[in-house]
Amino acid sequence: MTECVHCGQDCGKNPVIFDDKPFCCNGCSMVYQILSDRKLNKYYEMMPTPGIRLEQENSAGTRYAYLDNEEISGKLLDFSDGGISRVNLFIPAIHCSSCIWLLENLHTLHPGIMHSHVNFVRKEVSITFRDTEISLRQLVELLHTIHYIPDISYNREKKDDHQKANRRMIMKIGVAGFAFGNIMLLSFPDYLPGGEAIDKLMAGTFGIVSFILALPVITYCSSDFFLSAFKSLRKKIINIDLPLSLGILALFIESSYEIFSGNGTGYMDSLAGLLFFMLIGRWYQSRTYQSLSFDRDYRSYFPIAVTMLRNDIEEFVQLPDVKTGDIILVRNGELIPVDSVLLEGEGSIDYSFVTGESLPVSKKPGDFVFAGGKQTAAAIRLQVVKEVAQSYLTQLWNEDRLGEESGAQMQSVINKVSHYFTIVILAIATVSFIYWSFQDIGKAVYIFASILIVACPCALALTIPFTFGNVMRVFGRNGFYIKNTAVIENLTKTDTVVFDKTGTLTHARTMNVNWEGEQLSEQEQQMVRSLARNSTHPLSVIVSEWLPLSPLKMVENYREIAGMGIVGSIENHRVMLGARKFVAGSEMSEESRVSSVYVSIDNKLRGFFKLENSYREGLETVISGFKGFQQHMVSGDNDSERENLIKTFGSENSLHFNQSPLDKLEFINQLKKQGRNVIMIGDGLNDAGALLKADVGITIADDIYHFSPACDAILKSSEFGRLHRFIEFSGISLRVVYASYTISFLYNIVGLSFAVQGLLSPVVAAILMPLSSISVVAFASISVSMLSRFKGLNSH
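What counts and how
Residues numbered from 1 in each chain as written. Predicted model: local features only at pLDDT ≥ 70, side-chain atom pairs only at ≥ 80, totals over all residues. Heavy atoms only, no water. Helix = DSSP H or I, 4+ residues; strand = E, 2+ residues; numbered from the N terminus. Buried < 20%, exposed > 50% of the residue type's maximum accessible area, 1.4 Å probe, protein only. Contact = heavy atoms within 4.5 Å. Areas by Shrake-Rupley, 256 points an atom, 1.4 Å probe, with all protein chains shown as cover. Pairing = 2+ DSSP bridges. Axes fitted to C-alpha atoms, helices over the stretch in contact; angles between N-to-C directions. Parallel < 35°, antiparallel > 145°, perpendicular 65-115°, else oblique. Nonpolar A, V, L, I, M, F, W, Y, C, P; charged D, E, K, R; others polar. Polar contact = N/O pair within 3.5 Å; in protein donor to acceptor, adjacent residues only side chain to side chain. Expected span 1.5 Å × (residues − 1). Bend = angle between axes of the 7 residues up to and from the residue.

S.K.: Would you mind going over the overall build of the protein in detail, with residue names and values included?
M.R.: Across its full length, the protein carries 25 helices and 28 strands. Considering the protein as a whole, with its 796 residues, one finds that 51% of them fall into the buried category. Partitioning the contacts of the protein with sequence separation of at least 6, the portion at a separation of at least 24 is 68%. When the accessible surface of the protein is totalled, it reaches about 36000 Å², and 55% of it is carbon and sulfur.

Rendered as structure tokens:
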């Protein structure tokens, strides 16, 4: 096999040669020429075949013409003033060190580019450029030319919200850490023998400074805990933040009293340390794989602008500006963003992303076209019937969204445990205070503070973030990306699994192909491949890719009849490709589980290509791994694969075909009404409603950074065969949590037994408190790490 120097793909028998080097296509050759001319050959030295091959024509054409619209480009730019602009672009193709090197040397490709920086984890490149020398459109077209195509959408608001929340959390950690370090330094004499001999004025000064340093900790850093406790009390719920807040207040009030009464320097160091470690735990949880987008708005799947026709003049407008009655132009490969009526052209709409049906639907002028389909034939003109916010696709996306936000959410383990823990601790502290107040009110306050401090639920609060946070890390390194820690808990309670078919059990764009009929000569195969290459129909694409690589021949009098087939003349031979009725003029019964593409050359039927769905590797392992689960398969596709799937699932009753998106949603509803806890596994927007309604929605994605509907987890398609292992390990991790709780409770029992007798000072309690948290965190982290290796889920 001759590998392409640029992308590493097979060059076939007739590679494109430039500079005595083989390339698979003219696009790869052109990128090589551009980089060679600019003396950027190091791109190929850092890693072999680092480039990306484009499946479509390399020229951007008018694809990015909408970026000339100042209103549109203004929303994409992060900064623009004084002739200098900065833009942050998401480029899914970034995959190696060569990509980073090239994208950070864009200034050598155009003098208008000042500098660029790559965020490899997020697959983003930040580019600063002189907009008087190179426009945003020209910049994007330059990236397109070197095969690094940006994914441009309006899906920025949530990302900005994440970044703002992240900055706030880091700021709080910084403040708490600064206060903790400095107060510890001031309190150092209290922990050394002879510290009581320090000058009282000096000790008082240290106390006042510690108090001042603790003020931003108590007012700013702990605000989230106080707010959570207040909201839970308003709803008549007791959560773990309530005793935590009381412990923080007791520690602060007791310390303030000691400082201003001159009895000591207080325990402000323990207070700052408590908040510092708590905030790190919460940051660790929220930060894990935040670069993935789980809650995607429907707008992120639509084009950022559409081509509107006004008096037959093309004009690019923003999607929200499209109104009912407008005429829009949709080209080959573009998504239809609004419900509309076909006015002109032949529609061949691929609805696989919406309905799950893998074959395109033919449309003729006057037919209604739903949003979400992709035009696979020539350009068509459409008249808008509904605006984007009212379209079927938007309704599907938002279906039952309210239910997701306000429905019966499962109460987390940590709040269940902390509810009773809080009541018991408050009761013990109150009873102890009342008992000792009859003897010594000062000692009563002393004991009350000690109990709340030593029994402060820090270890409980840290157990979930660190245990499940480590599980999220292990899963992420193995290609399974969890939205948050609650998902792991939900996974442990599931007893039913529902699979989508197209793109989930099967590969979305891969089929097994076999030829049945007369043997085709090399020249005849060449002619069939040349004809098939002219069509964008999925079956034509699969056939052309399956046939041996060869130089394409000129096709004359080419015609494509939607839903029937294609025909053309090649070297005076009439070649037809498509349905039997179209090619042979007759029909016959065929196996329902296969798709057939018939071939006729010079009006003689030569045979047909037999195409069957290609199932994902490890499917049988996954199905057997869910033993004990109730299993179902729901699909928008027809029942052509029924016999194959019966062998896999073992029961025909588990299979449900021709299911619309609303049918899938209703199916999940019915299962939940029966008391089942459901995992829904899908891949398309047609599954969005069902994914949201299920207890856990998992998306199978070939590209984890792109086109993932709202879900609870994203599973990399290459790891599909290990899905059942992830579910099993979720149950193991929950047992680690319970074990951590046991350790924490044992610590609390021992500590409380001393505290209620007045034998444990707040100082010792404050020292024991972080030690207990550290021990529980260490136990949880080490346990998850060791168990993951034992279960074969270590990083690879």
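Having put the structure on the table, let's press on.
S.K.: Before we move on, can you summarise the pairing of strand E10 (residues 340-344) with the specific residues and values?
M.R.: As paired elements, E10 and strand E13 (residues 368-369) share two bridges and run antiparallel to each other. Across the sheet, the residue bridging to Val-341 is Phe-368, located in E13. Strand direction decides the pairing type here: E10 and strand E15 (residues 380-384), joined by four bridges, are antiparallel. Across the sheet, Ser-340 pairs through a bridge with Val-384, a residue of E15.

S.K.: With reference to specific residues and values, describe the packing of helix H7 (residues 200-221) against helix H8 (residues 223-234).
M.R.: The interhelical angle for the contact between H7 and H8, taken along N-to-C directions, is 40°, at an axis separation of 5 Å. Between H7 and H8, the angle falls in the class oblique. Contact with H7, carried on its side by Ile-218, Thr-219, Tyr-220 and Cys-221, involves Ser-223, Phe-225 and Phe-226 of H8 and no other residues of that element. In terms of residue class, the contact of H7 with H8 is made up of five nonpolar, two polar and no charged.

S.K.: Could you give an account of the side chain of Gln-375, naming the residues involved and the relevant values?
M.R.: By secondary structure assignment, the location of Gln-375 is in strand E14 (residues 374-375). In this structure the side chain of Gln-375 is engaged in a polar contact, spanning 3.2 Å, whose partner is the backbone oxygen of Glu-346. Polar side-chain contacts of Gln-375 include one of 3.1 Å to the backbone nitrogen of Ser-348. The residues touching Gln-375, leaving out its near neighbours within four places in the chain, are Val-330, Arg-331, Asn-332, Gly-333, Glu-334, Glu-346, Gly-347, Ser-348, Ile-349 and Ile-380.

S.K.: Which residues make up H7, and what values do they have?
M.R.: At 3.6 residues per turn, the α-helix brings residues three or four places apart onto the same side. With 22 residues, H7 extends 30 Å from end C-alpha to end C-alpha; this agrees with the ideal 32 Å at 1.5 Å per step. Along H7, the sharpest change in direction is near 30° and occurs at Ala-214; proline Pro-216 comes one to four residues later. Among the residues of H7, Gly-207, Ser-210, Phe-211, Leu-213, Ala-214, Val-217, Ile-218 and Cys-221 are the ones counted as buried.

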